[in-house]
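# Fold and geometry: a report
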Amino acid sequence: MNIFEKIGKKLEPTFEKGKPLHCLYPLYDAIDTFLLTPKEVTSEGSHIRDAVDMKRIMITVMIALCPALFFGMWNLGYQHFLSQGMESGFWNCLLYGFLKWLPLVIVTYVSGLTVEIIFAHKRGHQVAEGFFVTGFIIPMIMPPDVPLWMVAIATAFAVLFAKEVFGGTGYNFLNPALVARAFVFFAYPSVISGDSVWISESADAISGATPLALAMNGSMEQMPSLLDLCIGTIPGCIGETSKIAILLGAIILIYTQVANWRIMLSVVVGGLVTGALLHTAGMSPVTGWEHLLMGGFLFGAVFMATDPVTATHTESGKYIYGLLIGILAIVIRVINKGYPEGMMLAILLMNIFAPLIDYCVIHIKIRKRKVNISRHKIKL
Amino acid sequence: MEFKIRKGLDIRLEGAATRTFKRPDTSTCFVRPSDFRWIKPRPLVQSGDTVEIGSPLFCSKEDERIIVASPVNGTVREIVRGERRAIECLIIDTTPADFFFRQYSVPQPKDSREIADLMLANGLWPFIRQRPFSTIPNPDSRPKALFISCFDSAPLAPETALLLKGREDEFYEGVRILQQLIGDENKIHLCMRKEADNGLFESVKSVHLHYFKGPHPAGNVGTQIHRIEPIDKGETVWFVQPQDVATIGRFFLNGVLSFEKNVAFTGPSLKNTGFYSMPYGADLSSIFQEEITDESVRKISGNILTGKKIEQFQTVRFYDSQVTVLEEGGRRELIGWLLPGFKKWSFSHTFVAWLFGKKTFAHDTTLHGGRRNFVMTDVYEKVFPFEILPTELLKACITKDIEMMEELGIYEVDDEDFALCEVVCPSKTECQKIIRDGLYLLKMELEGKKL
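What you are looking at is a predicted structure, and each value in this text was computed from that prediction instead of being measured.

## Considerations on the overall build of chain A
Counting secondary structure elements, chain A contains 15 helices and 0 strands. Once local pairs closer than 6 in sequence are excluded, the contacts in chain A between residues at least 24 apart make up 72%. As displayed, chain A has an accessible area near 16,200 Å², and 71% of this comes from carbon and sulfur atoms.

Take a look at the structure:
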């Protein structure tokens with residue numbers, strides 16, 4: 001028995017039912033199971049269980065997010081010093097980015113977890129791990145200079161109205177991180193308007209437009225090179241800029257089988273084909289490949305569209321779901337000049353349609369089953 | 001015919017049964033109605049009554065012809081009742097001298113009806129179970145097919161050929177009798193593992209032989225029915241376990257009624273593994289005392305996937321021929337969700353152990369996490385070899401949507417088919433219980449009863 005176990009044993013009675021601190025039991029339980037694996041053993045059904053649990057799944061996603069996060073922090077500093085016309089070392093850039101990121105992530109977790117714990121207490125269940133990833137993603141998809149109070153309100157709104165009112169993690173039909181972003185996007189358009197929403201430097205002296213905004217305004221000559229787009233030394237949100245870091249995350253997610261590769265593949269295919277079609281039709285100066293490398297497309301495909309709860313639940317439905325996200329994202333980008341970042345809206349829209357896709361897939365399967373059984377009977 | 005099962009999972013454990021055959025010293029026998037699914041028992045004996053092998057102990061309240069017979073000669077010591085006076089267990093004191101056999105004149109049944117009557121009267125009928133529901137079938141009904149799964153793919157399960165050692169003729173006679181029982185127009189399917197020594201089963205006459213390849217649940221009768229003759233609404237299929245076929249065969253071949261069977265004692269926490277020959281219900285506490293040194297172990301009647309904890313009455317269940325002894329878990333680990341996990345077993349690839357190709361693990365009964373709602377929606381389908389949507393079926397069962405359950409194909413599954421889903425689920429959902437409750441709801445609905 002280690003020290004934490006001893007402390008836990010001593011503290012547990014103070015949070016029992018009837019004691020004044022009982023209202024904090026979900027918090028105690030969350031910290032307890034955070035420090036030590038739960039002591040529960042199987043009671044009914046299978047006697048052994050897989051070592052994986054939701055905490056492990058969530059931490060795997062967070063590890064997969066880390067390359068993009070670290071690169072994004074460094075890039076934040078790099079872009080800052082670049083726009084100031086200053087030279088700066090690697091650690092300086094990273095530190096600058098870290099200091100920008102830290103308040104964002106603290107505000108996100110405090111605001112979101114408060115709502116989570118209140119609901120866990122009201123409903124009498126444990127604090128679900130789902131928010132750890134949500135809270136990790138939110139600072140990565142927000143403009144770094146967004147006011148903190150806005151982040152707090154957006155996070156609380158997302159957790160409350162996109163998740164908890166429907167019953168918590170597992171019952172939500174919208175991706176909470178995207179809802180938080182959409183909330184800022186639509187509630188405070190004056191602060192972060194459509195075309196500068198992904199820009200990191202709005203508060204600094206020189207504003208650097210994202211490549212996406214540049215392309216959509218038709219200023220293709222100012223576009224960074226494809227290499228810059230891949231590596232990610234471009235202005236943008238923390239998470240989205242480096243495509244290589246995102247791919248690294250995608251490899252981790254696919255390798256560990258935490259995220260579904262079908263969705264990632266079909267989003268990319270959908271985006272690529274639509275981008276190429278619109279390019280050849282002359283509606284957009286941007287080719288299909290460039291679409292993939294710009295904005296939050298890849299980040300959305302890898303980390304947001306693959307959310308297992310809000311995506312379709314059937315395997316074949318995942319292909320349709322992904323394809324439609326890819327197509328819609330590019331269509332929104334090209335056709336709607338006001339909102340160049342179509343990925344968020346495309347994923348949210350498909351989140352809403354996912355149950356419908358599932359419904360159709362299930363009923364096709366049921367019909368197929370009936371045909372199969374009757375065919376079997378004829379054979380016999 | 002040959003079938004290949006692709007989706008599934010073999011869980012490797014140490015402690016397979018060695019080929020030693022022993023007989024335990026027991027003087028007590030526990031017969032529990034809960035071994036028979038959804039049977040409401042009406043006792044036919046009182047404490048103090050003398051019983052012999054084959055004499056009825058209790059019958060089903062719904063069909064009094066279905067009786068459960070005493071597996072031993074002796075006297076009823078006590079009828080233990082639990083909540084609402086439901087019978088929990090009948091305890092029978094027995095003398096080792098007259099333990100196992102009772103001789104009859106060899107019965108000569110002429111038709112299906114007579115076979116059924118003889119089996120019912122001697123307590124052999126409960127060996128037959130039906131799908132859907134895995135209950136004892138109505139003696140007046142006949143199935144469209146009968147399945148005998150001649151291999152068990154569950155972890156540490158004993159080889160069927162070993163269980164049947166020396167009982168080949170009884171097995172053949174049992175199959176012949178069962179064919180006569182269900183009628184010549186209905187098929188008997190014998191399912192074997194491909195690439196195993198199947199000589200014993202291949203010489204069975206006039207049955208349909210099938211070969212299965214692949215991981216567990218290839219040996220589950222549910223998987224085999226699904227592949228060979230899927231069940232539609234209103235149809236039934238019967239299944240009998242190979243040892244029980246031999247027990248039925250022994251009665252009709254020599255007139256010997258005996259509920260003796262081989263039970264494999266397996267598991268990493270046993271000093272010596274091996275086979276024990278005993279009637280069902282025999283008290284196992286002497287074996288456990290001898291073979292278990294560690295106190296913190298779990299004794300399971302059956303395998304680790306579908307078995308039941310052995311608690312108050314130390315015996316093996318009616319349909320089980322395996323006992324598994326496993327270490328009880330519950331040790332807490334500091335930030336275990338973050339550590340690389342060199343020794344963690346997982347079907348997912350989220351632990352480092354998978355990266356290094358580690359194959360054998362020390363398993364225990366730890367739940368490894370807290371219960372959550374469904375989150376990972378694609379994990380069940382990787383271990384579920386049915387043309388059925390597992391997540392949707394579970395949801396239909398939870399929401400008690402009977403129409404949806406039927407359409408998705410609940411008649412084809414049983415709780416044991418969802419055991420692997422339950423094992424790999426990161427949300428620690430109790431899939432088997434959900435399916436069992438769904439089936440119960442459906443059965444009540446079909447019979448026009450209220451829950």
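## Observations concerning the pattern of salt bridges
Applying the stated criterion across every chain yields a total of 47 salt bridges over all chains. Here Glu129 of chain A makes a salt bridge to Arg372 of chain B, at a shortest N to O gap of 2.6 Å. Of the two residues, Glu129 of chain A is situated in the loop between helix H4 (90–123) and helix H5 (130–141) and Arg372 of chain B in the loop between helix H8 (352–355) and helix H9 (390–398); the pairing between them involves two chains. Residue Glu129 of chain A shares its accessibility class with Arg372 of chain B, and that shared class is buried. Here Glu170 of chain B ties to Arg167 of chain B by a salt bridge, and the two come within 2.9 Å at their closest N and O atoms. Each of Glu44 of chain A together with Arg37, Arg131, Asp414, Asp415, Glu416, Asp417 and Arg436 of chain B takes part in one network of salt bridges that share partners.

## Some thoughts on the sheet that holds strand S7 (residues 67–69) of chain B
Residue and element names in this part refer to chain B. Pairing is antiparallel across the open sheet formed by 3 strands, whose spatial order is S4-S6-S7. Two strands in the sheet have a free side with no partner beyond their single neighbour: strand S4 (41–43) and S7. Along the sheet, successive strands turn relative to each other by an average axial angle of 30°, direction set aside. Looking at chain direction, strand S6 (residues 56–60) and S7 are connected through 3 bridges and run antiparallel. Opposite Pro56, over in S7, you have Ala69 as the bridge partner.

## Comments concerning the interface of chain A and chain B
Each side of the interface is counted separately: chain A has 61 residues, and chain B has 81 residues. Buried surface at the junction of chain A and chain B, both sides included, amounts to about 6,400 Å², of which 54% is carbon and sulfur. A salt bridge links Glu44 of chain A to Arg436 of chain B, with the shortest nitrogen-to-oxygen separation between them at 2.9 Å. The tally of links from chain A across to chain B stands at 32 residue pairs in polar contact (both at pLDDT 80 or more). Of all the secondary structure elements, the ones that give two or more residues to the side of chain A that touches chain B are helix H1 (3–11), helix H2 (25–35), helix H3 (54–83), helix H14 (315–335) and helix H15 (343–379) of chain A. Take the side of chain A that touches chain B: its biggest share by element is 9 residues, from H15 of chain A. By residue class, the composition of the side of chain A that touches chain B is 23 nonpolar, 21 polar and 17 charged.

## A word on H3 of chain A
Residues and elements named next belong to chain A. Spanning 30 residues, H3 covers 42 Å between terminal C-alpha atoms, matching the ideal 44 Å at 1.5 Å per step. A maximum bend of about 40° is found in H3 at Cys66, where proline Pro67 lies one to four positions downstream. Of all 30 residues making up H3, 24 are buried, and the element is well covered by its neighbours. Positive backbone phi, at 70°, marks Gly85, one or two positions downstream of H3.

## Some details on the sheet that holds strand S11 (residues 129–131) of chain B
All names here are of chain B. The mixed open sheet is built from 6 strands, whose spatial order is S1-S14-S13-S12-S15-S11. Of all the strands in the sheet, the pair left with one neighbour each is strand S1 (2–4) and S11. Put simply, the sheet's adjacent strands are angled 30° from each other on average, direction ignored. In the sheet, S11 pairs with strand S15 (residues 237–239) via 3 bridges, with the strands oriented antiparallel. Opposite Arg129, over in S15, you have Phe239 as the bridge partner. Those strands touched by helix H5 (residues 221–228) are S1, S11, strand S12 (145–149), strand S13 (187–193), strand S14 (208–213) and S15, and its axis lies near 135° from that of S12.

## Quick word on the domain arrangement of chain B
Residue and element names in this part refer to chain B. Domain boundaries assigned for chain B yield domain 1 (2–24 + 97–257) and domain 2 (367–446). Of the residues lining the interface, 21 residues belong to domain 1; the matching set on domain 2 comes to 21 residues. Where domain 1 abuts domain 2, roughly 1,800 Å² becomes buried across the two surfaces, and 62% of that area is made up of carbon and sulfur atoms. Three residues stand out in domain 1 for area buried against domain 2, namely Lys7, Phe133 and His226, and they jointly supply 35% of the buried area on that side. If you look at where domain 1 meets domain 2, you find 4 salt bridges. Across the salt bridge formed by Asp414 and Arg131, the nearest N and O atoms sit 4.0 Å from each other.

## Things to note about the side chain of Asn73 of chain B
All names here are of chain B. Tracing the backbone shows Asn73 in the loop between S7 and strand S8 (74–81). Judged by its relative accessible area of 14%, Asn73 falls in the buried class. In this structure the side chain of Asn73 is engaged in a polar contact, spanning 2.7 Å, whose partner is the backbone nitrogen of Ile53.

## Brief notes about the pairing of strand S17 (residues 260–266) of chain B
Side-chain direction in a regular strand flips from residue to residue, so the side chains alternate between the two faces of the sheet. Taking burial as the measure, the 7 residues of S17 of chain B include 7 buried ones, the bulk of the element. Neither face of S17 of chain B is exposed, since Glu260, Asn262, Ala264 and Thr266 of chain B on one face and Lys261, Val263 and Phe265 of chain B on the opposite face are all buried.

## Examining the environment of Val413 of chain B
Residues and elements named next belong to chain B. Mapped onto the elements, Val413 comes out in the loop between helix H10 (402–408) and helix H11 (419–424). Val413 sits 242 residues away from Phe171 along the chain, and the two C-alpha atoms are 27 Å apart. Apart from residues lying up to four places away in sequence, Val413 is in contact with Arg131, Phe384, Phe386, Ile388, Leu393, Phe418, Ile435 and Leu439.

## Observations concerning the confidence of the model for chain B
Counting all residues, the mean pLDDT for chain B is 90, and 98% of those residues have values of 70 or more. For this predicted complex, the interface confidence comes out at an ipTM of 0.89, alongside a pTM of 0.91.

## Quick look at the domain arrangement of chain A
All names here are of chain A. When the domains of chain A are assigned, the result is domain 1 (3–35) and domain 2 (54–366). If you look at the interface, domain 1 gives 8 residues, while domain 2 gives 6 residues. Carbon and sulfur atoms make up 70% of the surface buried where domain 1 meets domain 2, a total of about 620 Å² over both sides. Counting the surface domain 1 buries against domain 2, the share from its top three residues, Pro26, Asp29 and Thr33, is 54%. Counting across the domain 1 and domain 2 interface gives 0 salt bridges.

## Focus: the packing of aromatic side chains
A full pass over the atoms with the stated rule returns 38 aromatic pairs over all chains. Both rings, one in Tyr25 of chain A and one in Tyr28 of chain A, keep their centres 5.8 Å apart while their planes meet at 45°; by these two values the pair is tilted. Of the two residues, Tyr25 of chain A and Tyr28 of chain A both sit in helix H2, 3 residues apart, roughly one turn of that helix. Given the relative accessible area of 29%, Tyr25 of chain A is considered partly exposed. Residue Tyr28 of chain A is classed as buried on the basis of its relative accessible area of 10%. Geometry around Tyr319 of chain B places Arg129 of chain B over its ring, the cationic atom sitting 3.7 Å from the centre. Over the face of the ring belonging to Tyr211 of chain B we find Lys194 of chain B, whose NZ or CZ atom lies 5.8 Å from the ring centre.

## Comments concerning the confidence of the model for chain A
Of the residues in chain A, 89% have a pLDDT of 70 or more, and the chain-wide mean is 84. Considering only residues more than four positions removed or in separate chains, one finds that residues 193–208 of chain A, a stretch of pLDDT under 50, has 44 contacts.

## Structural notes on helix H3 (residues 168–182) of chain B
Residues and elements named next belong to chain B. The first and last C-alpha atoms of H3 sit 21 Å apart over 15 residues, in line with the 21 Å expected at 1.5 Å per residue. Burial in H3 covers these residues: Glu170, Phe171, Glu173, Gly174, Val175, Ile177, Leu178, Gln179, Leu181 and Ile182. Of the surrounding elements, those touching the buried residues of H3 are helix H1 (112–121), S12, S13, helix H4 (199–202), S15 and helix H6 (242–254).

## Comments concerning the packing of H5 of chain A against helix H7 (residues 176–187) of chain A
All names here are of chain A. Taken N-terminus to C-terminus, the directions of H5 and H7 make an angle of 35°; their axes are 9 Å apart at the nearest point. For the element pair H5 and H7, the recorded crossing hand is right-handed. Packed against H5, whose contacting residues are Thr134, Ile137, Ile138 and Ile141, the element H7 presents Pro176, Ala177, Ala180 and Arg181 at the interface. Residues that form the contact of H5 with H7 fall into these classes: 6 nonpolar, 1 polar and 1 charged.

What counts and what doesn't
- Residues numbered from 1 in each chain as written.
- Chains lettered and ligands numbered in written order.
- Predicted model: local features only at pLDDT ≥ 70, side-chain atom pairs only at ≥ 80, totals over all residues.
- Heavy atoms only, no water.
- Helix = DSSP H or I, 4+ residues; strand = E, 2+ residues; numbered from the N terminus.
- Contact = heavy atoms within 4.5 Å.
- Areas by Shrake-Rupley, 256 points an atom, 1.4 Å probe, with all protein chains shown as cover.
- Salt bridge = Lys/Arg side-chain N within 4 Å of Asp/Glu carboxyl O.
- Buried < 20%, exposed > 50% of the residue type's maximum accessible area, 1.4 Å probe, protein only.
- Pairing = 2+ DSSP bridges.
- Axes fitted to C-alpha atoms, helices over the stretch in contact; angles between N-to-C directions.
- Buried area = accessible area lost by both parts, 1.4 Å probe.
- Polar contact = N/O pair within 3.5 Å; in protein donor to acceptor, adjacent residues only side chain to side chain.
- Nonpolar A, V, L, I, M, F, W, Y, C, P; charged D, E, K, R; others polar.
- Expected span 1.5 Å × (residues − 1).
- Bend = angle between axes of the 7 residues up to and from the residue.
- Domains from an automatic or database assignment.
- pLDDT = per-residue confidence, 0-100.
- Phe/Tyr/Trp six-rings, centres within 6.5 Å; stacked < 30°, edge-to-face > 60°.
- Lys NZ or Arg CZ within 6 Å of the ring centre and 35° of its normal.
- Left-handed = near helix turned anticlockwise from the far one by under 90°.

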